[in-house]
Structure formats: structure tokens, C-alpha cells
Amino acid sequence: MTASPFDDIRKLAADAPVVAPPAFTTGGDRLAEISAWLTAWTGKTPPAVLRPVVALYAGARQGVGPRGYARERLEAVASGGANVCRIAGAQGAGLEAFDLAVDRPTPDATLKASMSEKECAATMAFGMEALAKQPDLLIPGVIAAEADRAVAAIALALFGGEAGDWSDAPEPVAAAVARAAGEADLSDPLQALRELGGRETAALVGAILAARVQKIPVLLDGYAACAAAAVLHALDPALIAHCLAAHVGPAKGHARLLDALGKRPLIDLDIAEEEGVGGATALALVRLACEVR
């Protein structure tokens, strides 16, 4: 047995396979870059995306957003009524939505840690279930009310600055980070995650890490997915080499976070939804890049 649940996560990260960087054939040609990225991670020449999957993780936090929001959105996805259902369908992508105990919200992070270390590690492991269907490209996203609040707190803890740099609601973000800093070592990105992130963010971290281990390319959908990638980046920047940023949304801090991660978004359409819409939309561009020789 290991001493801590997080030790297993760290070992998995440390054992991630080394992959040669993409060999770009055309300077400045973004389609050629995407094509080379796919080839590097899938080993397919020419590259192809045959089994893309949009994986959405639904979570809820006490005192954040309307009561029952995540449950309502889960039902919309299940009924095919959400925008992501239609866009993913048009792109031939699979769609899965995971209920992370939305009827049992995590605590208000301004008052106490969102999760114990055991719960956080278990939720990360649950997030890895998105790889069970063996996608050849993963688009992870979240279903959560005001998802950017927890995301901004993680970004502030990892990269510093002011709460207002990361969120339009800086007061609760600053309060959460101040509280967490007095109780945990936030220089440890996994501790920052369990203190400040919701279950949906922890599951995203697990999914992105599992994809890295299995050499599956990832399109990061929205601010929340980028914050999850930032947790892994803080452990080792190479852990998100398999990721591209699908898009940049209007949420304050999203563009700043992409800059911090060194990720240039594929599209910029001011898509505000966090529910896989931006990632599924960017999938069209990735499919076109597969035709570049």
C-alpha cells in the first residue's frame, strides 16, 4: 500500500510514456500542425479521428448557482436537448455524461476544503472511466453552475496574481484561496485541486491524465478543462503535451490561463457554454486537418 491516495496519482503521472514531439512540416500552417500533432500521439499516418468522445462531468457545490442546475442539465443531455448533443452528433462524436453526486454538493470552498484527499483521488480515478470506450480523441468538459468560480480559484493558487485577473467574481475566489492557503500547501497542485476544485474538476484531471498515459490526444473544452490541465502542468508540463485548446471563451481568465499553459486555441467564437460545445465545434477543424498531407 502507498502512504497516500495521491501517491498513486503521482506514480501514474511519473510513468507516463515519453512521446516524440510533433514534426511540423509547414511553418505557420495550423492545419499542418494539428495533423502532425495527431500523428505524433496516435501513430496513424495519415492521421484519422474515427472514435472521438465528448465526456462531460457534472458536479455541484454548496451555495453556487441555482439549486438543481446540474441535475437539470444532465437531464437535458440525456434527452438530447442540449446544444452539445446536436453538435457532437453532427460531428459523429460519442457523448457521455457522468453524474458526480450532483445531489450531494461539495462544501463551499470559502469555508472548508472541497474534498478529502481520498475523495479527490477516487474522483480522479472515476474520471478515467471516459477512456473505457477507447476513444481516439477525447473532449473533456463539465456540467456545473458557475464553473468558472472554482476554476479561477485553482488558477489563482497555481499562477498567482489577483483574483480579479481570473474571475468577474473575485471576492469568493480570493476568500477560498486565502482559506485554503492557511490549511494546506497550495504549492502542491493536487492539494490545490482538492481544496478548491469541485468533483467535476478532479474528474477532468483524471481523464486528461489517463489519456496522456494511453497516448490519446485531447481537445480541452473551456475554462474548466484548461484549469484541470493546469493542475497536471504544475506537476510536469509534459503531462499536457497531448492536449490542444479547443477554443477560448469569454470567461475572464480563460485567455490568461491558456497563455500560462502555452496553448493557442483552435477557434475563437466567444462560445460561453462549458458543456463540450466549444470542443465539439473545434472537432470539425481537427477532422479537416486529417486531410492535410
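Residues numbered from 1 in each chain as written. Predicted model: local features only at pLDDT ≥ 70, side-chain atom pairs only at ≥ 80, totals over all residues. Heavy atoms only, no water.

Which residues make up the pattern of salt bridges, and what values go with them?
Applying the stated criterion across every chain, the model contains 16 salt bridges. Taking the shortest distance from any N to any O, the salt bridge between aspartate 188 and arginine 10 comes out at 2.5 Å. Residue aspartate 188 is found in the loop between α8 (170-181) and α9 (189-196), and its partner arginine 10 is found in helix α1 (residues 5-14); the two are separated by 178 residues along the sequence. With a shortest N-O distance of 3.1 Å, glutamate 146 and arginine 149 are connected by a salt bridge. (Salt bridge = Lys/Arg side-chain N within 4 Å of Asp/Glu carboxyl O. Helix = DSSP H or I, 4+ residues; strand = E, 2+ residues; numbered from the N terminus.)

Run through the packing of aromatic side chains, naming residues and quoting values.
Taken as a whole, this structure holds three aromatic pairs when the rule is applied. Between phenylalanine 159 and tryptophan 166, the aromatic rings sit 6.2 Å apart at their centres with planes inclined by 35 degrees, giving tilted as the arrangement. Residue phenylalanine 159 is classed as partly exposed on the basis of its relative accessible area, which comes to 32%. The exposure class assigned to tryptophan 166 is buried, which follows from its relative accessible area of 2%. (Phe/Tyr/Trp six-rings, centres within 6.5 Å; stacked < 30°, edge-to-face > 60°. Buried < 20%, exposed > 50% of the residue type's maximum accessible area, 1.4 Å probe, protein only.)

So what about the environment of glycine 262? Which residues, and what values?
On the secondary structure map, glycine 262 appears in the loop between α12 (254-261) and α13 (277-289). With 25 residues separating them along the chain, glycine 262 and proline 237 place their C-alpha atoms 9.8 Å apart.

Tell me what's going on with the nonpolar core, and back it up with residues and numbers.
If you look at the biggest cluster of nonpolar residues, it comprises 69 residues, and the most contacted ones within it are Tyr57, Met124, Leu138, Leu193, Leu196, Leu220 and Leu257. A total of ten residues in this core trace back to one element, the largest contributor, which is helix α11 (residues 222-235). Not counting residues within four places of it along the chain, the set of residues in contact with methionine 124 comprises Phe6, Ile9, Leu190, Leu193, Ala202, Ala203, Val205 and Gly206. (Core = buried A, V, L, I, M, F, W, Y, C linked by side-chain atoms within 4.5 Å. Contact = heavy atoms within 4.5 Å.)

Before we move on, can you summarise the side chain of arginine 61 with the specific residues and values?
Tracing the sequence through the fold places arginine 61 in the loop between β1 (52-58) and α3 (69-78). Of the residues examined, arginine 61 reaches a relative accessible area of 9% and is grouped as buried. From its side chain, arginine 61 meets the backbone oxygen of glutamate 146 in a polar contact 3.3 Å long. Separated by 2.3 Å, the side chains of arginine 61 and glutamate 200 make a polar contact. (Polar contact = N/O pair within 3.5 Å; in protein donor to acceptor, adjacent residues only side chain to side chain.)

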